[in-house]
Amino acid sequence: PILAMALACHVRRLAGAYTRIGGGAGLRLPGARGALAAWPQRVWCSSTAGDGADDAEAKVEQALSPDGEQKTEGWGEIVPRGAGADTPQGRSIPTPPSVLVIPATRRPIMPGFTTAITVTNPAIIKAIADLGHRDTPHVGVFLRKGGEPPDSWESKELDVTADDLHQVGTFVQIMQAIPAHGGRGVNVVINGHRRITMEEVLNREAPIQVKVQHWAATPSGPGATSESAQAYANEAMSTLKELVAVSPLFREQMSQIQEMLQRIDMRDTSRLADFAAGMTSASGDELQEVLEEANVEKRLQMVIELLRKELEIARLQVKINTQMEDKMNKSQREFLLREQLKQIKKELGLETDDKEALTQRMKERLTGKNVPEDIQKVIDEELEKLTGLEKNSSEFNVSRNYLEWLTYMPWGITSTDNFDLGKAREALDTTHYGLSDVKKRIMEFIAVGKLHGSVQGKIICLVGPPGVGKTSVGKSIASALDREFYRFSVGGLSDVSEIKGHRRTYVGAMPGKPVQCLKHTQTCNPVILIDEIDKLSRGIQGDPASALLELLDPGQNGTFVDHYLDVPLDLSKVLFICTANVMDTIPGPLQDRFEIIRLSGYDQPEKVEIAQKHIIPSKLKEAGLDGHQPGAEIDHAAVESLIRWYCREAGVRNLEKHISQICRKLALEAVEAEEKGNEASLTVTADNLSDYVGKQVFTSDRLYGDEQPPGVVMGLAWTAMGGSALYIEGVDFRG
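Residues numbered from 1 in each chain as written. Predicted model: local features only at pLDDT ≥ 70, side-chain atom pairs only at ≥ 80, totals over all residues. Heavy atoms only, no water.

S.K.: Please explain the overall build of the protein as it appears in this structure.
M.R.: What the protein contains, in helices and strands, is 22 helices and 21 strands. Counting only residues that meet the buried cut, the protein has 44% of its 735 residues in that class. The long-range fraction of contacts in the protein, counting pairs at least 24 apart against all pairs at least 6 apart in sequence, stands at 73%. Accessible surface, the protein as shown: approximately 38,200 Å² in total, 50% of it carbon and sulfur. (Helix = DSSP H or I, 4+ residues; strand = E, 2+ residues; numbered from the N terminus. Buried < 20%, exposed > 50% of the residue type's maximum accessible area, 1.4 Å probe, protein only. Contact = heavy atoms within 4.5 Å. Areas by Shrake-Rupley, 256 points an atom, 1.4 Å probe, with all protein chains shown as cover.)

Here it is as structure tokens:
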């Protein structure tokens, strides 16, 4: 109510007509010992109307002379209309030599403005009450030095002294005083009239009394009537009108403010400057500088600077609001269109509710699958639970993910095995040369499967040194049987959850690798290759080797239970193939479940054939030498020398690296010769082999040549890398 009354008084004052609103009961405050009990609640303010209309709250009286000016009594000074110099009874506003001081902590009071301030100091409240008894409701308001107040405004007012105040303040009239909310102080509505300067301090402590000098309230001050001042006034008025039109703070009262702007006399540059400064949201120090400036032209310059700063802030605010509104409007528009589209599709039967569509998709995934009865019961119960959950709840997402995995499982879907021995032999010969014993063992395995009708119940473990083709043999077996192939490595694995899955209560829970394999292959009988099974680890998450006992046991994997799915899975139709370099690190119970096939490695003739038929053509193609440089080749003697003096390991992985190195250097020679316009010789022989792969790693086959000295015999050491020939020498020691 106080702010609304202050705004109404401010609007009426700027309109130019004087009225009086009187009446009301006395005010009594416990903190002031009843000193305000006789304070009349009178309000003097301006009004835009001069018709003398009465309402339920106040009686409005016309108080202006016909010419718009009124002569003050006792001071010999003409006060213009709207300068706030007259009382409702026609008495001129006095210019007392000393005034009571009310400190302002945030902003100074500009002349011509009506506002409300809170007074909490009991001494000041008592002094204001005394002014009410003497019917002299005029005080001086001075801004406190030091900028913005702390969180406790009351402590600022209680501790203030005359030395803490600026020298220039405002002579104001108290229009109304009512208790503050909660009984903490008094809300005082004041109306600023003119500037005053503090000349002498009569009482430094509260209530502060000072001797003041009153500034003239006429537009005849320094620089007030010059042409430049008028130009500044026009610029200030134009900027102020633009600010009112742009700023959202004044948009609701735009019509009233524009009417006030139209009624301001452009010749009264001093009043225009004060009005424009008070309209801004400038800081207290900036407004104090405007208040202290006596030269009206300089004052207008300062006000224009404040107005332009305020205008930039208002434009930025409008820009931000526009961006936010556009974003909100776009989001709302998209939301409405989606809702309308959803309703249209629902009416046409093209789409149902989100939950209904979700459950319908899950049921469609189960079409054509032979789901076991107990698992179908679990799925139905979970679907019923899903329909009753809130879509945005965490339990909804957990149940949805669980159903996604259950419905994606290939229940009852199997691929037809191909037991054609000719095709199996062709698949093995295409990818591997030699390994006759291994191929024969695999052919026996397939032949037994053909007679038996399936190859289930067998767990194959391929053991051999690195680079002999264990993984590729597993792929060839899957290709020969026309089964889907899935590989995962357990080297360094120490978490049982990778095999058995996580509990659904965990965040980010997932099934184990076997379940992920079934979802990926979409068959119940794929070939699963478990690589590096001899390098399993053990940690605080459990022992994966023990978890594999159930998975790789033909008598138990028919009812394998994953922790995430928590339903039995039939993995008995899956063909498990494991690979290992050594058997020593594999636990004994796990070895008992394997049918071990050993890959011992390749001898030199086999390596030469593998290099000529497989490795060299593929590496030339990777280096870009097969089509652009048809003359690039590595002859037979170079391959033999490379195997004999550089690559003696059991596998062909190191041989493949050396051939790749040779092909890269041949590619460099070809490009350099092409840039120079020459023809390069791209044939690698045994004589120039060292130019491509460096010096020989091995210099001889035998340490002692053809004949061994007495006391020396040759032995053979077997390792996971293949093995090596050793010479063992006997030494005679005298006892």
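Following the structure, the description resumes.
S.K.: I'm lost on the sheet that holds strand β11 (residues 459-463) in this one. Help?
M.R.: Within a sheet, each strand pairs with its neighbour through backbone hydrogen bonds, oriented either parallel or antiparallel. Across the sheet, which stays open at both edges, the five strands sit in the order β12-β13-β16-β11-β17 with parallel pairing between neighbours. Edge positions in the sheet fall to β12 (485-489) and β17 (595-598), since each has one partner strand and no second. Each adjacent strand pair in this sheet contributes to an overall mean axis angle of 20°, direction not counted. As paired strands, β11 and β17 are joined by four bridges and run parallel to one another. Its bridge partner being in β17, Leu462 is matched across the sheet by Ile597. (Pairing = 2+ DSSP bridges. Axes fitted to C-alpha atoms, helices over the stretch in contact; angles between N-to-C directions.)

S.K.: Even after reading the chapter, I still don't get the packing of helix α7 (residues 284-292) against helix α8 (residues 296-348), so can you show me in this structure?
M.R.: How two helices pack is summed up by the angle between their axes together with the distance between the axes. In contact at an axis separation of 9 Å, α7 and α8 are set at 155° when each is read in the N-to-C sense. Here α7 lies roughly antiparallel to α8, going by the angle between them. In terms of crossing hand, the pair formed by α7 and α8 is left-handed. In this structure, α7 uses Glu286, Leu287, Glu289 and Val290 to contact α8, whose residues at the interface are Arg299, Met302, Val303, Leu306 and Lys309. Across the contact of α7 with α8, the residue classes break down as five nonpolar, no polar and four charged. (Parallel < 35°, antiparallel > 145°, perpendicular 65-115°, else oblique. Left-handed = near helix turned anticlockwise from the far one by under 90°. Nonpolar A, V, L, I, M, F, W, Y, C, P; charged D, E, K, R; others polar.)

S.K.: For this particular structure, what's the right way to read the side chain of Asp534?
M.R.: Within the secondary structure layout, Asp534 lies in the loop between β13 (527-531) and α17 (544-551). Judged by relative accessible area, Asp534 falls into the buried class, the value being 7%. Contact partners of Asp534, with chain neighbours within four places excluded, come to Thr579, Ala580, Asn581, Val582, Thr585 and Ile586.

S.K.: Can you help me understand the pattern of salt bridges in this one?
M.R.: Between side chains of opposite charge, a pair can form when the charged atoms approach closely. Taken as a whole, this structure holds 27 salt bridges when the rule is applied. Where Asp274 meets Arg299, a salt bridge forms, and the shortest distance between an N and an O atom there is 3.7 Å. Linking Asp274 in helix α6 (residues 269-279) with Arg299 in helix α8, this pair joins segments that are 25 residues apart in sequence. (Salt bridge = Lys/Arg side-chain N within 4 Å of Asp/Glu carboxyl O.)

S.K.: Please explain the environment of Gln708 as it appears in this structure.
M.R.: By secondary structure assignment, the location of Gln708 is in the loop between α22 (690-693) and β20 (712-717). Of the residues examined, Gln708 reaches a relative accessible area of 37% and is grouped as partly exposed. Taking the C-alpha atoms as reference, Gln708 lies 9.7 Å from Tyr727; in sequence the two are 19 residues apart. When sequence neighbours within four positions are dropped, the list of residues in contact with Gln708 reads Val713, Met714 and Tyr727.

S.K.: What is the right way to look at the nonpolar core in this model?
M.R.: Most often, soluble globular proteins have nonpolar side chains that are buried together. Among the nonpolar cores identified, the biggest contains 55 residues, and Leu642, Ile659 and Ile662 are the most heavily contacted of them. Looking at this core element by element, the count peaks at seven residues for helix α21 (residues 653-676). Sequence-distant contacts of Ile659, defined by excluding residues within four places in its chain, comprise Ala611, Ile615, Ile616, Lys619, Ile634 and Leu642. Counting 50 residues, the second largest nonpolar core, distinct from the first, contains Ile379, Leu383, Leu493 and Ile586. (Core = buried A, V, L, I, M, F, W, Y, C linked by side-chain atoms within 4.5 Å.)

S.K.: Is there a simple way to think about the packing of aromatic side chains in this case?
M.R.: Here the distance between the centres and the angle between the planes together describe a pair of aromatic rings. Summed over the entire model, instances satisfying the criterion amount to three aromatic pairs. Ring centres of Tyr402 and Tyr564 lie 6.1 Å apart, and the angle between their planes is 70°; this geometry places the pair in the edge-to-face category. Taken together, the residues span a long stretch of sequence, with Tyr402 in helix α11 (residues 394-408) and Tyr564 in the loop between β14 (560-561) and β15 (568-569) at a distance of 162 residues. With respect to burial, Tyr402 and Tyr564 carry one shared label: buried. Ring geometry for Tyr486 against Phe488: centres 6.4 Å apart, planes inclined by 50°, an arrangement best described as tilted. We note that Tyr486, like Phe488, is buried. When the ring centre of Trp405 is taken as reference, the NZ or CZ atom of Lys519 above it lies at 4.1 Å. In this structure, Lys519 is placed above the aromatic ring of Tyr408, and the distance from its NZ or CZ to the ring centre is 5.0 Å. (Phe/Tyr/Trp six-rings, centres within 6.5 Å; stacked < 30°, edge-to-face > 60°. Lys NZ or Arg CZ within 6 Å of the ring centre and 35° of its normal.)

S.K.: Would you mind showing me how to read unusual backbone geometry here?
M.R.: Residues apart from glycine generally show negative phi values, whereas peptide bonds are mostly found in trans. Of note, Glu532 is a non-glycine position whose phi angle comes to about 55°, a positive value. Along the polypeptide, Glu532 turns up in the loop between β13 and α17. Exposure remark for Glu532: the relative accessible area of 25% places this residue in the partly exposed category.

S.K.: Explain the side chain of Lys369 here, please?
M.R.: One can find Lys369 in the loop between α9 (354-365) and α10 (373-387). An unpaired buried charge is present at Lys369: no salt bridge exists, and Glu404, the closest side chain of opposite charge, is 9.9 Å distant. Residue contacts for Lys369: discarding those within four places in its chain leaves Thr407, Tyr408, Met409, Trp411, Ile413 and Gln522. (Lys, Arg positive; Asp, Glu negative; His and termini not counted.)

By themselves, these figures tell us nothing about what the structure is for.
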